[in-house]
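# Structure assessment
Here's the letter readout for the chains.
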Amino acid sequence: MTERRLLILFGSQTGTAQDTAERIGREAKRRHFQCRVEALDSYDVANLINELLVVFVCATTGQGDPPDNMKMFWRFLFRKNLPPASLCQMDYAVLGLGDSSYPKFNFIAKKLHKRLLQLGGNPLLPAALGDDQHDLGPDAVVDPWLLALWDKILALYPLPPGLEVISPDVCLPPRYTLHYLSEDSLHSDSSLLQPTPPRALPSELHPFAARMVSNQRITAESHFQDVRLIEFDVTGSGITAGDVVMIQPQNCPEDVQQFCQLLRLDPDQCFLLKPTEPGTALPAHLLQPCTIRHLVTHYLDISCVPRRSFFELLSHFSTNELEREKLQEFSSAQGQEELYSYCNRPRRTTLEALWDFPHTTSAIPPEYLLDLIPRIRPRAFSIASSLLAHPGRIQILVAVVRYKTRLSRPRRGLCSTWLASLNPEQGDVRVPLWVKKGGMKFPADPDTPVIMVGPGTGVAPFRAAIQERVAQGQKGNCLFFGCRQKSKDFYCQAEWEELVTKGFLMLFTAFSRDQEEKVYVQHRIRENGRLLWELLNGQSAHIYLAGNAKQMPAAVAEALQSVLQLEGGLSPSEAEEYLSALERSQRFQSETWS
């Protein structure tokens, strides 16, 4: 009989695709498949030609880019020299997770499905395109698609004689078991943030423990938003270039203490993890041996909004009938609207959800913690300074995330709140970080002018670019900056004004709340249409856009199109095509986030 093996490969940026891949893995185990779930870049792609059954789960990031943990796989798959029939023995299915408010909705999943088909793969189903914008989130597409997928797979690989699908009422074994150690076999917690091994560039697995030099609030105390300019010393790290700094945050001590109390855990208890099944890799980001305190502080994301899979697993541990019924409802397809209004809409955290189910929480077996709660993801910040202008230093602009929902406690961003709480004046403060290349490429020719549109913290990458260009003596820098009020959140005002005086910068500002009528960067673009047309058409300028992805990018594109029509005499369709051509030739680039 054919071996019943299933490989599930995921490309995930925020953890949703990984969570979905693990859900499919659990469903496969209930159907008695030998199943592996791996990140695409952890998998040896040369083995793909030997795989018979593969499910791909992938997100799309930014402007239609693959997630970080599938970039190498992506490059390999699109090599020109791959033979067209190389995957002819493979049955596959592609599940995409995206957001239809972005123009390249589920671009990676669509392109992957098409490429696997070109290489001879046999699709079991059309690609599923989950959408974050749907009222019920991606599950609205994922649930029915998975039912159809299992029908197809079980027709090809029927259950072995005498075996039934394991009921959802049965709890699957944990991925790892915890082996407790005595006190004296443990190193202290302080040694767990190891300096980067020599010669290795800092990376996610080996971050550099950078010293925080300064942590300065740059908005007025009376302004509702706390924005920080934070500087790190990266001397000795080997970091010489990069556009984005990745920072590994941690939970605050109060939350860690509450979590341990709720689950009746001893924070100083030391343990080793052992995989339940041979072949399961240990978590790469967790040092062994480890204390419960270290696990909860540095690894378990107890402040994230819990997903449906969290409630499903939790329901198995419940000793209280009322709590169990509620947990089962939250994990059912019918209960998704209810779960959305309990969790997603008010942004309730995992720790707060555990408070609401006290009987269940006190009965959670510790070995299930790593199945129950995802790991803390690193956060990305645009580097806001140039290493050429400030050798050995990296600066970032951090808007401290804090907002109200219907819950009594304000919501706080894990990383920004943690960074804002650190005070380098009170001792040696270290932050684990590494750098990456960003998406924006600046012109190689020093005489090419650049037009930068960066409202709010969107100005961060442009501060780095302007510092770099000024250090090289390049003058054609044009910046459109927008914020609420000149007196409250005009970041780096003195720096910009000095560069204007020295002739290095043309600066156009929009302070939306400083007059009756709101004024935004798009208004300033229209007002300065003649200059922009001259820069674009006469001097082959490049345009860059960075900032919040809500309405701003579309409003800026519209303003640019109206400039092309008014100043360039183009028709609406010609203006649209002109802008598209600029994008294709990388003369118009944007980096936006939600």
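Here, every reference points to the structure presented above.
In this report, we go over the structure that sits alongside the text. (Residues numbered from 1 in each chain as written. Predicted model: local features only at pLDDT ≥ 70, side-chain atom pairs only at ≥ 80, totals over all residues. Heavy atoms only, no water.)

Here we come to the overall build of the protein chain. Helices and strands together make up the secondary structure of the protein chain, namely 20 helices and 22 strands. Its C-alpha radius of gyration of 26 Å places the protein chain within 12% of the 25 Å reference for a compact globule of 594 residues. Its C-alpha atoms give the protein chain principal-axis dimensions of roughly 80 × 60 × 50 Å. Pairs at least 24 apart in sequence give 76% of the contacts found in the protein chain among residues at least 6 apart. When the accessible surface of the protein chain is summed, it comes to about 28,300 Å², and 52% of that surface belongs to carbon and sulfur atoms. (Helix = DSSP H or I, 4+ residues; strand = E, 2+ residues; numbered from the N terminus. Rg over C-alpha atoms; globule rule 2.2 N^0.38 Å. Contact = heavy atoms within 4.5 Å. Areas by Shrake-Rupley, 256 points an atom, 1.4 Å probe, with all protein chains shown as cover.)

With that out of the way, let us pick up the layout of surface pockets. The computed volume of the second largest pocket comes to approximately 870 Å³. Along the walls of the second largest pocket sit 34 residues, with Ala241, Gly242, Asp243, Phe442 and Glu468 positioned nearest its centre. Contributing elements (two or more residues each) for the lining of the second largest pocket: β17 (430-436) and α14 (460-471). It is α14 that provides the largest number of residues to the lining of the second largest pocket, a total of five residues. Class assignment for the residues of the lining of the second largest pocket results in 17 nonpolar, ten polar and seven charged. (1 Å grid on protein atoms, 1.4 Å probe; cavity = no way out; pocket = protein on both sides within 12 Å on 5 of 7 lines; lining within 4 Å. Points joined across faces, edges and corners; volume = space filled by probe spheres on them. Nonpolar A, V, L, I, M, F, W, Y, C, P; charged D, E, K, R; others polar.)

Next up on the list: the pairing of strand β20 (residues 505-511). The buried count for β20 comes to five of seven residues, which makes it a mostly enclosed element. Summarising the sheet, strand β19 (residues 477-483) and β20 pair through seven bridges and their orientation is parallel. Note that in β20 the partner of Phe480 across the bridge is Phe508. (Buried < 20%, exposed > 50% of the residue type's maximum accessible area, 1.4 Å probe, protein only. Pairing = 2+ DSSP bridges.)

Strand order in the open sheet formed by five strands is β20-β19-β18-β21-β22, and the pairing between neighbours is parallel. Both edges of this open sheet fall to β20 and β22 (588-593), since each of them pairs with a single strand only. Each strand axis lies, on average, 10° off the axis of its neighbour in the sheet, ignoring direction. Sheet topology places strand β18 (residues 450-453) next to strand β21 (residues 542-548); four bridges connect them, and they run parallel. (Axes fitted to C-alpha atoms, helices over the stretch in contact; angles between N-to-C directions.)

Here we take up the packing of helix α8 (residues 321-331) against helix α9 (residues 336-344). At a minimum axis separation of 7 Å, α8 and α9 run at an interaxial angle of 105°. Viewed along their axes, α8 and α9 adopt a mutual orientation that is roughly perpendicular. Residues Lys326, Glu329, Phe330 and Ser331 of α8 pack against Gln336, Glu338, Leu339 and Tyr342 of α9. Partitioned by chemical class, the residues of the contact of α8 with α9 number three nonpolar, two polar and three charged. (Parallel < 35°, antiparallel > 145°, perpendicular 65-115°, else oblique.)

Nonpolar side chains in soluble globular proteins tend to end up buried together. With 39 residues, the main nonpolar core has Phe259, Leu295, Leu300, Phe311 and Leu369 as its most contacted residues. Here this core takes five residues from helix α7 (residues 308-317), the largest share from any one element. Within the second largest apolar cluster, 27 residues are counted, among which are Ala17, Ala28, Leu95 and Leu149. (Core = buried A, V, L, I, M, F, W, Y, C linked by side-chain atoms within 4.5 Å.)

This part is about helix α13 (residues 414-421). Here α13 lies mainly inside the structure; six of its eight residues are buried. Residues Leu414, Cys415, Ser416, Trp418, Leu419 and Ala420 constitute the buried set of α13.

For the bond running from Gln288 to Pro289, omega is -15°, close enough to zero to count as cis. For Pro289, the location among the structural elements is in the loop between β11 (270-275) and β12 (290-291). The backbone of Arg264 sits at a positive phi, close to 55°, despite the residue not being glycine. Along the chain, Arg264 falls in the loop between α5 (253-262) and β11.

For the coordinates displayed, the defined rule picks out 15 aromatic pairs. For the ring pair Phe33 and Tyr157, a centre distance of 6.2 Å and an interplane angle of 70° mean the geometry is edge-to-face. Residue Phe33 is located in the loop between α1 (16-30) and β2 (34-39), and its partner Tyr157 is located in the loop between α4 (139-156) and β7 (176-181); the two are separated by 124 residues in the primary sequence. For the pair formed by Phe33 and Tyr157, the shared burial category is buried. Here Phe330 and Tyr342 contribute two aromatic rings whose centre-to-centre distance is 4.9 Å and whose plane-to-plane angle is 20°, an arrangement assigned as stacked. Of the two residues, Phe330 sits in helix α8 while Tyr342 sits in helix α9, which places them twelve residues apart along the sequence. Each of the two residues, Phe330 as well as Tyr342, counts as buried. Each residue in the set Phe310, Phe311, Phe330 and Tyr342 is aromatic and connected to the rest through ring pairs, giving one cluster. Stacked on the ring of Phe33, the Lys or Arg Arg4 has its end atom at 3.9 Å from the ring centre. The ring of Phe504 is capped by Lys475, whose NZ or CZ atom sits 5.2 Å from the centre of that ring. (Phe/Tyr/Trp six-rings, centres within 6.5 Å; stacked < 30°, edge-to-face > 60°. Lys NZ or Arg CZ within 6 Å of the ring centre and 35° of its normal.)

Tracing the sequence through the fold places Asn69 in the loop between β3 (53-59) and α2 (71-77). A distance of 2.9 Å separates a polar side-chain atom of Asn69 from the backbone nitrogen of Ser12. Apart from the residues within four sequence positions on either side, Asn69 is in contact with Phe10, Gly11, Ser12, Ala39, Leu40 and Asp41. (Polar contact = N/O pair within 3.5 Å; in protein donor to acceptor, adjacent residues only side chain to side chain.)

The subject of this paragraph is the environment of Arg293. Within the secondary structure layout, Arg293 lies in helix α6 (residues 292-299). Here Arg293 falls in the partly exposed class, since its relative accessible area comes to 32%. Residues Arg293 and Gln257, spaced 36 residues apart in sequence, show a C-alpha to C-alpha distance of 8.4 Å. Polar side-chain contacts of Arg293 include one of 2.5 Å to the side chain of Asp268.

The next thing to look at is the pairing of strand β1 (residues 5-11). Where burial is concerned, most of β1 is hidden: six out of the seven residues are buried. Alignment of β1 against β2, held across six bridges, turns out to be parallel. Bridging across to β2, Leu7 finds its partner in Arg36. Considered for its hand, the β-α-β crossover made up of β1, α1 and β2 is right-handed. Judged from the five bridges that link them, β1 and β3 form a sheet pairing that is parallel. Across the sheet, Leu9 pairs through a bridge with Phe56, a residue of β3. (Right-handed = clockwise from strand over helix to strand, strands pointing away.)

A word on the pattern of salt bridges. Pairing is possible between side chains that carry opposite charge, provided their charged atoms lie close to one another. Applying the stated criterion across every chain, the model contains 30 salt bridges. Here Glu204 ties to Arg375 by a salt bridge, and the two come within 2.7 Å at their closest N and O atoms. Here Glu204, found in the loop between β7 and β8 (208-217), pairs with Arg375, found in the loop between α12 (369-372) and β13 (379-382); they are 171 residues apart in sequence, far enough to count as distant. Overall, Glu204 belongs to the partly exposed group, its relative accessible area being 29%. (Salt bridge = Lys/Arg side-chain N within 4 Å of Asp/Glu carboxyl O.)

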